[in-house]
6 protein chains.
Amino acid sequence: MVLLTRRATFSASHYYWNESWSAAENERIFGKCANKYGHGHNYTLEVTVAGEPDAVTGFVVDLKTLKDVIERDVLDVYDHRHLNLEVPEFAKTIPTTENIAIAIWRRLNAGLNVLPSMRSAKLARVRIYETTEIFAEYRGESA
Amino acid sequence: MVLLTRRATFSASHYYWNESWSAAENERIFGKCANKYGHGHNYTLEVTVAGEPDAVTGFVVDLKTLKDVIERDVLDVYDHRHLNLEVPEFAKTIPTTENIAIAIWRRLNAGLNVLPSMRSAKLARVRIYETTEIFAEYRGESA
Amino acid sequence: MVLLTRRATFSASHYYWNESWSAAENERIFGKCANKYGHGHNYTLEVTVAGEPDAVTGFVVDLKTLKDVIERDVLDVYDHRHLNLEVPEFAKTIPTTENIAIAIWRRLNAGLNVLPSMRSAKLARVRIYETTEIFAEYRGESA
Amino acid sequence: MVLLTRRATFSASHYYWNESWSAAENERIFGKCANKYGHGHNYTLEVTVAGEPDAVTGFVVDLKTLKDVIERDVLDVYDHRHLNLEVPEFAKTIPTTENIAIAIWRRLNAGLNVLPSMRSAKLARVRIYETTEIFAEYRGESA
Amino acid sequence: MVLLTRRATFSASHYYWNESWSAAENERIFGKCANKYGHGHNYTLEVTVAGEPDAVTGFVVDLKTLKDVIERDVLDVYDHRHLNLEVPEFAKTIPTTENIAIAIWRRLNAGLNVLPSMRSAKLARVRIYETTEIFAEYRGESA
Amino acid sequence: MVLLTRRATFSASHYYWNESWSAAENERIFGKCANKYGHGHNYTLEVTVAGEPDAVTGFVVDLKTLKDVIERDVLDVYDHRHLNLEVPEFAKTIPTTENIAIAIWRRLNAGLNVLPSMRSAKLARVRIYETTEIFAEYRGESA
């Protein structure tokens, strides 16, 4: 089995805020991230698919297809967007790096598994860098 | 003369919008950047000071002092902020990478030139990366 | 004046070979680069334009337009190509990093200067990385 | 157990082409990679060995020895070469990133396991970056 | 389960020397690293914690707390220090990258597991880069 | 004229200390850098040569020759060394990044200008990164 990874980037805004808390409590827990004007990041996404390389093409998955799915299912929804205000899964869930990793996994897992070209390959790992200093990784519910 | 550079990073939101244009015109000119919910970036700032190294310390400028000025005059104002909505110089000026370079130059030039520890050193260059793909550089009005 | 830089990448093959020399002489001067099967690199290109930011848009040059010109005039010709065998300027000129910098400058200078959106801006610098260890920079005939 | 990784780089050409297909079919499946003049990359290789650090030296494996084996068994064969035309394992197998990962694993696994200095250490992982955007990882037949 | 990683850097000196060997033997085994004046590196540390994101905060672990523990338990002891001469665990153990990975794991595992804010999260992985070319990873005694 | 740059790296120890000051004064001015056990860095050096590419070879300077001079005149003296204690120019001069840039310029300028293969090329710039956050650049006495 080979793990094949494709990287992509998007730029988005977000804030951390719990509506059931006071402003003071939000600031105590979330610090500068609690600023409701929002701030943003250049996120780097790494999507890893696992499978056997096809005997004819040498591909675990066609990288052009993988790129198209990442663009359609993630970048078109997240890039140049405000995650809290424009992306449905973060309407009530705080878009921490951890939660973004899970949300992108769910989006890609749904989008990739119906592809004929995925054959026996499976989504194995989603890693998301908020900055070069902080990143989260998710491998699915069963991992 | 030696050029000494210190790098710093901040995360901020912005959008591109000209109030005198229609929404359609803003979208035609600014594309995805015209989304008024805002989007954001991890900006990387490089501040370059030029001067002779001090014969005793070997410093063009004390890097701790330089860091403190960058934090006080730039990071405290820009980091985890929405540039259009919270930073005065972008109330009516679009925070493009070019304009951010000029604005940071002006902030630092004012802050650095009053420092006794700058001695004969001078701000020489401000470079700002919006992403790893795009950056702007400004060397002052006379350059 | 602000310098605005956009980065792009392309992957290409090349070799170093002087037809008027013997194979032994080519190997003596060019070492491993003289292998006529070719070898290749991921080139990173940085294109820098200099000008005043437009008072309305804040742009020295529209980055989408700049990207389109880089794609049309450089990437479409160089990317996934063999520089010696497929790119006309290297039919008789060895595609060293130095010569690639000059060739890309000439292509972009011709392509950019006819753009209305360049207004008063001018191509200022072309930098090309052959690897992270080696890069060449060209600023035009008059620099 | 500690995983110890050493990185190396090489520059090579390749193309994607299936001799049993028409040119049109090759272009449909492989796109720009089907150009038979070849194109190239700066590959980055990460070789990971797993084992207990030696109580006296603190080494899982002597890094100088590991470097020598990588140079002898991989770089001397792949660097500044055309993978399809000069490297035996790609005479009939397409040198996709996935297949390169497997081929390098096999080369290193054979070369490393006979080393006395590997003691109880074992090759654990080969990761190969074709570009910063695309990489493949292989952990051996049994992984 | 999500893996959350925070990166940190420190600069330190070290040398490789076995007191029970002759100088010649130290040089034969450790090469340039045997220079007892010491040499140094900018180490990059990646600390990975595994757990379920908290339903309210979205955090596996509060990153500010994690940063504080890394600073207190690792950076305050290692940064701008000579590892052999100033850090107790390397008084008799050679500070190879492998041994530094284990030592930092032990420091952080002790410091993190007593934190109330770690809740169900656990230290999962310590990765340490001596240079961009060499890194070691440790996942604990039971891994 | 083309600027051609080659990068190299070395790892070294140093400290900042002025013998004519008290320990307290050294610590006040130099902070953590005043630790006389020393600390260290992975330095990245960029050496830039300016000239016309040769009409036959396409080289401003032969990169193998440039690499050899950098190794002989800089790396053999600085790499895996304690700058204060083993490198003559820092016996009485503090090895700040600024002073290292000047010292390497002087070493390379002497070494390069006697090379026949430099022809009309000249050393144009030395840039030295102490970390990714801090770098100094020197262009010679007349710049």
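It should be noted that the structure appears before, not after, this text.
Residues numbered from 1 in each chain as written. Chains lettered and ligands numbered in written order. Predicted model: local features only at pLDDT ≥ 70, side-chain atom pairs only at ≥ 80, totals over all residues. Heavy atoms only, no water.

Quick word on the overall build of chain A
Stated formally: Each helix corresponds to a stretch of at least 4 residues labelled H or I by DSSP, and each strand to a stretch of at least 2 residues labelled E; elements are numbered beginning at the N terminus. A 1.4 Å probe rolled over the protein chains alone gives each residue an accessible area, and that area as a share of the maximum for its type sets the label: buried under 20%, exposed over 50%, partly exposed in between. Throughout, a residue-residue contact means that at least one pair of heavy atoms, one from each residue, lies within 4.5 Å.
Looking only at helices and strands, chain A has 4 helices and 5 strands in total. With the C-alpha coordinates aligned to their principal axes, the bounding extent of chain A is approximately 60 × 30 × 25 Å. Burial status across chain A gives 62% buried among its 143 residues. In chain A, the share of contacts with a sequence separation of at least 24, taken over all contacts with a separation of at least 6, comes to 70%.

Side note on the relation of the copies chain A and chain B
Convention followed: Only residues with pLDDT of at least 70 in both copies count here: their C-alpha atoms drive the least-squares fit that superposes the copies.
If you rotate chain A by 180° and push it 0.0 Å along the axis, it lands on chain B with an RMSD of 0.0 Å. On this basis, the relationship between the two copies can be described by a two-fold rotation axis. Comparing contact sets, 100% of the residues at the interface of chain A also lie at the interface in chain B, consistent with an isologous, same-surface contact.

A few points about the interface of chain F and chain C
The extent of an interface is frequently quoted as the accessible surface area lost upon association of the parts. Just so we agree on the cut-off: When two parts are put together, the accessible area they lose, computed with a 1.4 Å probe and summed over both, is reported as buried area. Definition used for salt bridges: Asp or Glu carboxyl oxygen within 4 Å of a side-chain nitrogen of Lys or Arg. Here a polar contact means two N or O atoms within 3.5 Å. Within protein one must be a hydrogen donor candidate and the other an acceptor candidate, and residues neighboring in sequence count only if both atoms are side-chain atoms.
Chain F puts 18 residues into the contact, and the matching count from chain C is 21 residues. Taken together, both faces of the contact between chain F and chain C bury some 1600 Å²; the carbon and sulfur share is 56%. Our count for the chain F to chain C interface comes out at 0 salt bridges. For the pair chain F and chain C, the interface holds 6 residue pairs in polar contact (both at pLDDT 80 or more). A total of 6 residues in the side of chain F that touches chain C trace back to one element, the largest contributor, which is strand β1 (residues 2-14) of chain F.

Observations concerning unusual backbone geometry
Most peptide bonds take the trans form, and the phi angle of most residues other than glycine is negative. In the Ramachandran plot, H80(C) falls in the positive-phi region, its phi being about 60° despite a non-glycine side chain. With a relative accessible area of 13%, H80(C) lands in the buried category.

With respect to the arrangement of the chains
There is a gap between chain B and chain D: no contact, and a shortest C-alpha distance of 12 Å. With no contact formed, the shortest span from any C-alpha in chain D to any C-alpha in chain F equals 15 Å.

Digging into the packing of helix α2 (residues 63-78) of chain D against helix α4 (residues 97-113) of chain D
Two measures define how a pair of helices packs: the angle their axes make with one another and the distance between the axes. All names here are of chain D. Here is the rule: Inter-axis angles, ranging from 0 to 180 degrees, are taken between N-to-C directions of lines fitted to C-alpha atoms, where helices are fitted over the stretch in contact. Should an angle fall under 35 degrees it is called roughly parallel, over 145 degrees roughly antiparallel, and 65 to 115 degrees roughly perpendicular, with every other angle called oblique. Each crossing gets its hand from how the near helix is turned against the far one by less than a right angle, where anticlockwise is left-handed and clockwise is right-handed. Ten residue types, Ala, Val, Leu, Ile, Met, Phe, Trp, Tyr, Cys and Pro, are classed as nonpolar, four, Asp, Glu, Lys and Arg, as charged, and the remainder, Gly among them, as polar.
At a closest axis distance of 10 Å, the pairing of α2 and α4 adopts a crossing angle of 135°. Here α2 lies oblique to α4, going by the angle between them. Along this stretch, α2 crosses α4, giving a crossing that reads as right-handed. Where α2 approaches α4, its residues L66, V69, I70, R72, D73, V74, V77 and Y78 are matched on the opposing element by I100, A103, I104, R107, L108, G111 and L112. For the contact of α2 with α4, the residue count by class is 11 nonpolar, 1 polar and 3 charged.

Examining the interface of chain A and chain B
Each side of the interface is counted separately: chain A has 20 residues, and chain B has 20 residues. For the pair chain A and chain B, the two sides together bury roughly 1600 Å², of which 49% comes from carbon and sulfur. Broken down residue by residue, the surface that chain A buries against chain B is led by Y37(A), N42(A) and H80(A), which jointly contribute 37%. When the shortest N-O distance is used, the salt bridge between K32(B) and D79(A) registers 2.6 Å. Scanning the region where chain A abuts chain B turns up 18 residue pairs in polar contact (both at pLDDT 80 or more).

Quick look at the environment of R81(A)
Here R81(A) lies in strand β3 (residues 81-82). Overall, R81(A) belongs to the partly exposed group, its relative accessible area being 31%. C-alpha separation for the pair R81(A) and S11(A), spaced 70 residues apart in sequence, amounts to 7.5 Å. When sequence neighbours within four positions are dropped, the list of residues in contact with R81(A) reads S11(A), A12(A), S13(A), D76(A), E86(A), N35(B), G38(B) and H39(B).

Some points on empty space enclosed by the protein
Applicable threshold: The distinction between a cavity and a pocket rests on a 1 Å grid over the protein atoms alone: a 1.4 Å probe fits inside a cavity but cannot get out, while a pocket stays open yet meets protein on both sides within 12 Å along at least five of seven lines, and a residue with an atom within 4 Å of a point counts as lining. Grid points are joined across faces, edges and corners, and a volume is the space filled by probe spheres set on the points.
A complete count under the given rule lists 1 cavity of 30 Å³ or more for this structure. There is about 40 Å³ of room inside the largest cavity. Taken together, Y16(A), T96(A), T97(A), E98(A), E130(A), L4(E), F59(E), V61(E) and L63(E) make up the full set of residues lining the largest cavity. Classifying every residue of the lining of the largest cavity by side-chain character gives 5 nonpolar, 2 polar and 2 charged.

A word on the relation of the copies chain F and chain C
In screw terms, the move from chain F to chain C is a rotation of 120° and a rise of 0.0 Å along the axis, fitting with an RMSD of 0.0 Å. Considering both components of the superposition, the chain copies are consistent with a three-fold axis. By C-alpha distance to the rotation axis, the residue of chain F lying nearest is T132(F), at 8.3 Å.

Concerning helix α2 (residues 63-78) of chain F
What counts is decided by this rule: Two axes enter the bend calculation: one fitted to the seven residues ending at the residue in question, the other to the seven starting there, and the bend is the angle between them.
At E71(F), α2(F) is bent by approximately 40°, the largest bend along its length. Here α2(F) has its buried residues at L63(F), L66(F), V69(F), I70(F), D73(F), V74(F), L75(F) and Y78(F). Looking at the buried side of α2(F), the elements it contacts are β5 (134-138) of chain C together with β1, β2 (39-51), β3 (81-82), α3 (83-86) and α4 (97-113) of chain F. Within two residues after α2(F), H80(F) carries a phi angle of roughly 60°, on the positive side.

Let's talk about the pairing of β2(F)
Residues and elements named next belong to chain F. Which entries qualify depends on this criterion: Strand pairing is assigned whenever DSSP detects at least two bridges linking the two strands.
The buried fraction of β2 amounts to 13 of the 13 residues, a majority that puts the element mostly inside the structure. By the bridge criterion, 13 bridges tie β1 to β2 in an arrangement that is antiparallel. By the bridge assignment, R6 is partnered in β2 with V47. The sheet contact formed by β2 and strand β4 (residues 122-129) spans 7 bridges and is antiparallel. Directly across from T48, in β4, lies its bridge partner R125.

Observations regarding the packing of aromatic side chains
Our working definition: Here is the rule: rings of Phe, Tyr and Trp (six-membered ring for Trp) pair when centre to centre is within 6.5 Å. Planes less than 30 degrees apart are stacked, more than 60 are edge-to-face, and the remainder are tilted.
As enumerated under the stated definition, the model contains 54 aromatic pairs over all chains in all. Taking 5.6 Å as the distance between ring centres and 75° as the angle between the ring planes, the aromatic pair formed by Y16(C) and F30(C) counts as edge-to-face. Here Y16(C), found in the loop between β1 (2-14) and α1 (23-30), pairs with F30(C), found in helix α1; they are 14 residues apart in sequence, far enough to count as distant. As far as the burial class goes, Y16(C) and F30(C) line up, both buried. Ring geometry for Y78(F) against F90(F): centres 6.0 Å apart, planes inclined by 80°, an arrangement best described as edge-to-face. Here the residue Y78(F) occupies a position in helix α2, and F90(F) occupies one in the loop between α3 and α4, the gap between them amounting to 12 residues. The structure contains a cluster of three or more aromatic residues connected by ring pairs, namely F10(A), Y43(A), Y78(A) and F90(A).

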